[in-house]
Every structure is written in C-alpha cells, then in structure tokens.
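Here are the chains, one letter per residue:
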Amino acid sequence: FQYSYSHDNSEGIYWGCNTRGGNNNTTGIPDPEDVGCTLRYCISQNDMGDLIFFNYPSAGNEIYNNIFYIKSGLSSKIIHESSAKNHTYNFFNNIIFDIGNATYAWGSGSGVQTRNFKNNVFYGIPVPTEVSSSDNQILTSNPLFVNPGQGTFGINALLDGYKLQVNSPALSSGRLVSNNGGKDFWQNTVSSLTVPNRGAYQGAGILSTESWASNSLKVYPNPVTGILNVS
C-alpha cells in the first residue's frame, strides 16, 4: 500500500486482516507466514480508532516513511496488536504528529510481538518502552512540516503542507530501507544509497514564509518605471 491519503475515517489506514481464501485453506485458521505486507509513503490525517492494527498472525510487516497526523480532540490508537496472535513488524522513518490524545494498544496475551522500531518521530505523544527499547534514533521534537493538518478532500487534496521545512530535524535523518519503491508520495526519487528523510516527503527542505521574513530582502530600484529587481 503506497501513495495513499486517508483522512477522517472511523478507523485507520492499515489493518492486517490477511488470510488465505477458502479454496486453498479449509481450516479457517489464518496463514501465519504472511510476509512483506507493506505500508509506505502514505498520509493519515485525523483518522480515528486503530491507525495500524496487527490483527491476524503475520511474520512480516513493513511500515515505513508514513505520516500520522492526529488533531486536537481525537484519541486515536497509533498501533494496536491483537494479544492472542504472533506478529513481526518493522516500523521505520515514520512521523507521528499528535496534538490530540493518541495512545497505543500493545499485545499482552499469549501472542508473541516481535517489534523493530527505528528512526521514527514521536511528536506530542509519549514514547513507551515498547518503542524506546529498540529505537535509539527517536526524535521527539517538532518535525517542522510546512503547514500540517490542512489536507482537503478528494484525489486532488492539497497536501503540500506535509512537506518538510529547510530546518526540519527529519531531513536526512532516516534509515536506509532496501527495495524502497523508488518514489515518495510526491513522486520524488528515493535513493537506495543516500540516507532518507523521515516521513512521506523525500525532497529538499522547503523555505517557509516565516523563513523568508527572517532573511534580508532587497527590492530595487525605488521608484520603479521598468524592471523591478528582487534579491
């Protein structure tokens, strides 16, 4: 699942409810060997409920370079693990931007949860031990999106607000991922050799209007009768 924009849904963007069809598995037991189930370069804005739900057993989920934005007033669950089932997953280079009251629902039953967190941003939400035990490159500072939370409806929704400003700590601070798909959400090239950004945007930092205001701007001549120069 890639290049998707999910917003304002009663649940989330990725649920692992994978099972074989009845024509090749008559036991009714889900296949525990599902591997390579991937969510990348996606944006979830103001989705409610379980944003990432590891439900049926699976031996390999790849969740990387996504953005999860939760507005004020929402209590979304970032990750929900079904307690009675085994799950193995990687969670790399994602940005969680929480100005609501997001939580987690970690598996605590008979199922074995094999988690691997690396180079994520947890902004506005506490970092639990389930995450900090494996991610030694956590960022909790503001990732400095251009203008987050302003995505509109439809296939042509305005989402450039989720690009990163020039001084964002998420720029060039991610983790290399093999077989990374080659393109980000905006179809920028993703290198297989250069350290990526965190989040769904892999382009250069954007100079925001605030940054322009803090720099020197020269306009001449004054008055102008022909060409106006801006430097």
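All values derive from a computational prediction rather than experimental measurement. (Residues numbered from 1 in each chain as written. Predicted model: local features only at pLDDT ≥ 70, side-chain atom pairs only at ≥ 80, totals over all residues. Heavy atoms only, no water.)

Asks: Would you take a moment to explain the side chain of D135 for this structure?
Replies: In this fold, D135 is placed in the loop between α1 (129-132) and α2 (209-214). Despite its burial, D135 pairs with no opposite charge, the nearest such side chain being R198 at 5.7 Å. Separated by 3.2 Å, the side chain of D135 and the backbone nitrogen of N120 make a polar contact. A polar contact of 3.0 Å, which involves the side chain of D135, links it to the backbone nitrogen of Q137. Dropping the residues within four chain positions of it, D135 is found in contact with F117, K118, N119 and N120. (Helix = DSSP H or I, 4+ residues; strand = E, 2+ residues; numbered from the N terminus. Buried < 20%, exposed > 50% of the residue type's maximum accessible area, 1.4 Å probe, protein only. Lys, Arg positive; Asp, Glu negative; His and termini not counted. Salt bridge = Lys/Arg side-chain N within 4 Å of Asp/Glu carboxyl O. Polar contact = N/O pair within 3.5 Å; in protein donor to acceptor, adjacent residues only side chain to side chain. Contact = heavy atoms within 4.5 Å.)

Asks: Would you mind going over the pattern of salt bridges with me for this structure?
Replies: Note on pairing: side chains with opposite charge can pair once their charged atoms come close. For the structure shown, the criterion picks out two salt bridges. Residues D160 and K163 are paired through a salt bridge, measuring 3.6 Å at the closest nitrogen-oxygen approach. Owing to a relative accessible area of 44%, D160 belongs among the partly exposed residues under this scheme. Under the relative-accessibility criterion, K163 is labelled buried at 17%.

Asks: Please clarify how the sheet that holds strand β6 (residues 58-64) should be interpreted in this entry.
Replies: Note on sheets: strands pair through backbone hydrogen bonds, and any given pair is parallel or antiparallel. Spatially, β3-β6-β9-β12 is the arrangement adopted by the four strands of the open sheet, whose pairing is parallel. Bordering the open sheet on either side are β3 (37-40) and β12 (113-118), each of which pairs with just one other strand. On average, adjacent strands in this sheet sit at an angle of 10 degrees to one another, irrespective of strand direction. (Pairing = 2+ DSSP bridges. Axes fitted to C-alpha atoms, helices over the stretch in contact; angles between N-to-C directions.)

Asks: Got a minute to help me understand the packing of aromatic side chains in this structure?
Replies: In this description, a pair of aromatic rings is defined by centroid distance and the angle of the planes. The final tally for this structure, using the stated rule, is 18 aromatic pairs. Between F1 and Y14, the aromatic rings sit 6.0 Å apart at their centres with planes inclined by 85 degrees, giving edge-to-face as the arrangement. Taken together, the positions of F1 in the segment before β1 (5-7) and Y14 in strand β2 (residues 14-16) put the pair 13 residues apart, joining distant regions of the chain. Measuring from centroid to centroid gives 6.1 Å for W106 and F117, while their planes differ by 80 degrees, and the two rings are edge-to-face. Here F117 lies in strand β12 and W106 lies in the loop between β11 (103-105) and β12, a separation of 11 residues in the sequence. Grouping residues by exposure puts W106 and F117 together as buried. Of note, K85 hangs over the ring of Y56, and the distance from its end group to the ring centre comes to 5.1 Å. The ring of F92 has R175 lying over it, and the distance from NZ or CZ to the ring centre is 4.9 Å. (Phe/Tyr/Trp six-rings, centres within 6.5 Å; stacked < 30°, edge-to-face > 60°. Lys NZ or Arg CZ within 6 Å of the ring centre and 35° of its normal.)

Asks: Sorry, what's going on with the pairing of strand β9 (residues 87-92) here?
Replies: Where a strand is regular, its side chains alternate between the two sheet faces. β9 sits mainly inside the fold: five of its six residues count as buried. The sheet contact formed by β6 and β9 spans five bridges and is parallel. Bridging from a neighbouring strand, Y64 pairs with F92 of β9. Pairing of β9 with β12 involves six bridges; the strand directions are parallel. Residue pairing in the sheet places F91 in a bridge with F117 of β12.

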